[in-house]
Structures are given as C-alpha cells and as structure tokens.
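Below are the chains, spelled out letter by letter.
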Amino acid sequence: MNKYELALIVSAKIEDDARAAVVESAKGIIERFGGTVTEVEEWGKKRLAYEIQKMPEGFYYFIQFEAPGSTPAEVEQRVRIMNNVLRYLIVRKDEA
C-alpha cells in the first residue's frame, strides 16, 4: 500500500452541507477502489492565485489515504467530473 494525498479545491459558492457532501463523496470513491482514508485536513476558504470559473476563492481540503497503485487513476477519473470541484491533485507521499 502506498501513501497518497488528494488536494481538492471546492467552490466557495455552495452551502456548508453541500461542501461536506463533496468531501464525503471523494472519500467514498477512495474507499470504493481499495483505499483507506487516514486523515482529512480542512484549510478553509483561501484566495486563489487566479480566478477559476469566475471564482476568486475556494475551500481547500487535503485527504491523506493509503491505497494500491491503481487507485489514484480511478479516483482522478471520477473526481474530474464531480460538480463543485474546481481543481484537484493526487500526489504520492514518499517515505522519509
């Protein structure tokens, strides 16, 4: 099992419960493909470096998880089409 981190930027224009549903959905996708979520960090609303879909701000979430090597591709494929996700990035965390 490898360690990964999923960074999500969620739209700031939606309600708190809808934003929580987006994060729960991402966690569900990770678990469906054999991953285990270890930690979820919420950084809150931050100003973006440039506007994305005419939005100057977004909510940042960082989801740490452990999964087999095939899981990140499956997660990316599904997060890409999720509503209210402005940007996402999955990185592998090396053992240091």
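Above this text you will find the structure in question.
What this report covers is the structure whose coordinates are included nearby. (Residues numbered from 1 in each chain as written. Predicted model: local features only at pLDDT ≥ 70, side-chain atom pairs only at ≥ 80, totals over all residues. Heavy atoms only, no water.)

Inspection of every chain in the model, using the stated rule, returns four salt bridges. One salt bridge connects Arg19 with Asp16, and the closest N-O pair in it is separated by 2.3 Å. Within this pair, Arg19 and its partner Asp16 are both found in helix H1 (residues 16-32), separated by three residues, close to a single helical turn. Judged by relative accessible area, Asp16 falls into the exposed class, the value being 55%. Across the pair Glu57 and Lys45 runs a salt bridge, and its minimum N-O distance is 3.8 Å. Here Lys45 lies in strand E2 (residues 36-52) and Glu57 lies in strand E3 (residues 55-67), a separation of 12 residues in the sequence. Given a relative accessible area of 30%, Glu57 falls into the partly exposed group. (Salt bridge = Lys/Arg side-chain N within 4 Å of Asp/Glu carboxyl O. Helix = DSSP H or I, 4+ residues; strand = E, 2+ residues; numbered from the N terminus. Buried < 20%, exposed > 50% of the residue type's maximum accessible area, 1.4 Å probe, protein only.)

Leu6, Leu8, Ile30, Ile63, Phe65 and Val75 are the most contacted members of the largest nonpolar core, which totals 21 residues. Every element with two or more residues in this core is listed here: strand E1 (2-11), H1, E3, helix H2 (71-79) and strand E4 (85-93). Setting aside residues up to four positions removed in sequence, Phe65 forms contacts with Asn2, Lys3, Tyr4, Glu5, Leu6, Ile30, Thr36, Val37, Thr38, Thr71 and Ile90. Counting eight residues, the second largest nonpolar core, distinct from the first, contains Leu48, Met55, Tyr60 and Phe62. (Core = buried A, V, L, I, M, F, W, Y, C linked by side-chain atoms within 4.5 Å. Contact = heavy atoms within 4.5 Å.)

Worth remembering: the numbers are spatial, not functional.
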